[in-house]
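Residue-level listing of the chains:
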Amino acid sequence: SLYPEHLAGLDGATLNAEPAGLYHSYWMSTVVWDESYDILKKGVMARLAARGIDSRPFFNPLSSLPALSNIASAKPARERNKVAYGLSERGINLPSALCLEDDDVLWAACVLRAALESSRVAPVSARERPAAAFVPASPEKVAIPSRSAA
C-alpha cells in the first residue's frame, strides 16, 4: 500500500501495522486518528465522498448493532467498551481495490490529509509542533490538488 508513504508525518493518525520483516496482506487499508482532530468518521467520509472517493466506516462494536440491542449483555458491553466505541468513531477504511492506480491512492491520501489537518485542534504532544500550528484552517485555506493534478 502507498498510503503509509503518502500519509507520513500526519501526527495522530495510524494506519494498519506492518512489523519489520513481515508483509501484511490486510483486506482493507484502515486509518484511525486520535482526539486531536475534531472530526468523526462520518465527517471525513463526507469530505472524501465530495471529492469522488469511496470509503467505508471502521467496524462498529457488536454491542452497538441494532440486531443485538435487546440482548441482556449489550448494555453493559456498551458501558465498559469505551475504547472500542471511541476507535469506531475515529476510523475509516480507505479505497483498497486491486484496480487502484498509484494516482488514485495519492488523491485519496491528499484529500484525507486535508480533511484531518483542517480539523486539528490540539497537538498529540507539546513537543511535536508549536501550538500556533494547530489552529484549524478554514476549508478554503487547505490546499487540495484538483483531481486532474493528482
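Going by the structure above, here's the rest.
About the thresholds
Every chain's residues receive numbers from 1 upward, in the order its sequence appears when written. It should be noted that, the model being predicted, local features are given only for residues of pLDDT at least 70 and side-chain atom pairs only at 80 or more, the latter also being counted only at that level, while totals for whole chains, interfaces and linings use all residues. Excluded from the side-chain calculation are hydrogens and water; included are all heavy atoms of the structure. Each helix corresponds to a stretch of at least 4 residues labelled H or I by DSSP, and each strand to a stretch of at least 2 residues labelled E; elements are numbered beginning at the N terminus. Between buried and exposed lies partly exposed: a residue is buried under 20% and exposed over 50% of the maximum accessible area for its type, with that area taken using a 1.4 Å probe on protein chains only. Contacts between residues were defined by any pair of non-hydrogen atoms, one from each residue, lying within 4.5 Å. Exposure was quantified through the Shrake-Rupley algorithm and a 1.4 Å probe, taking into account, for residues, occlusion by the shown protein chains and nothing else. Working convention: axes come from line fits to C-alpha atoms, limited for helices to the stretch in contact. Angles between N-to-C directions cover 0 to 180 degrees. An angle counts as roughly parallel when it lies under 35 degrees, as roughly antiparallel when it exceeds 145, as roughly perpendicular when it falls between 65 and 115, and as oblique in every other case. Definitions for this section: a left-handed crossing has its near helix turned counterclockwise from the far helix by less than a right angle. A right-handed crossing has that turn clockwise. We define a salt bridge as a contact between a side-chain nitrogen of Lys or Arg and a carboxyl oxygen of Asp or Glu at a distance within 4 Å. Note on pairing: two strands pair once DSSP finds at least 2 bridges between them.

**Some thoughts on the overall build of the protein**
When its secondary structure is counted, the protein shows five helices and four strands. Secondary structure elements in the protein, listed N-terminal to C-terminal, are α-β-β-α-β-α-α-β-α. Across the 150 residues of the protein, 30% fall into the buried class. When contacts within the protein are restricted to residue pairs at least 6 apart in sequence, long-range pairs at least 24 apart make up 71% of them. On the protein, roughly 9,300 Å² of surface is accessible, and the fraction owed to carbon and sulfur atoms is 58%.

**What to know about the packing of helix H2 (residues 41-50) against helix H5 (residues 102-117)**
Packed helix pairs are specified by the crossing angle of their axes together with the interaxial distance, meaning the distance between the axes. Taken N-terminus to C-terminus, the directions of H2 and H5 make an angle of 135°; their axes are 10 Å apart at the nearest point. Regarding the angle of H2 to H5, the classification is oblique. Every pair of crossing elements has a handedness; the one defined by H2 and H5 is right-handed. Of the residues in H5, those in contact with Val44, Arg47 and Leu48 of H2 are Ala108, Val111, Leu112, Ala114, Ala115 and Leu116.

**So, the pattern of salt bridges**
With the rule as written, the count across this model stands at two salt bridges. A salt bridge links Glu35 to Arg90; the nearest nitrogen and oxygen atoms lie 3.5 Å apart. Residue Glu35 is located in the loop between strand E2 (29-33) and H2, and its partner Arg90 is located in the loop between helix H4 (82-89) and strand E4 (91-94); the two are separated by 55 residues in the primary sequence. For Arg113, the salt bridge goes to Glu117, with nearest N and O atoms at 3.4 Å. Residue Arg113 and its partner Glu117 are both found in helix H5; the two are separated by four residues, about one turn of the helix.

**Considering the sheet that holds strand E3 (residues 56-57)**
The four strands are arranged E1-E2-E4-E3 in an open sheet whose pairing can be described as antiparallel. Of all strands in the sheet, those bounded by a partner on one side alone are strand E1 (13-15) and E3. Where E1 meets E2, three bridges bridge the pair, whose relative direction is antiparallel. By the bridge assignment for E2, Leu15 is matched with Val31. Along the sheet, H2 contacts E2, E3 and E4; its crossing angle with E4, the most-contacted strand, is approximately 30°.

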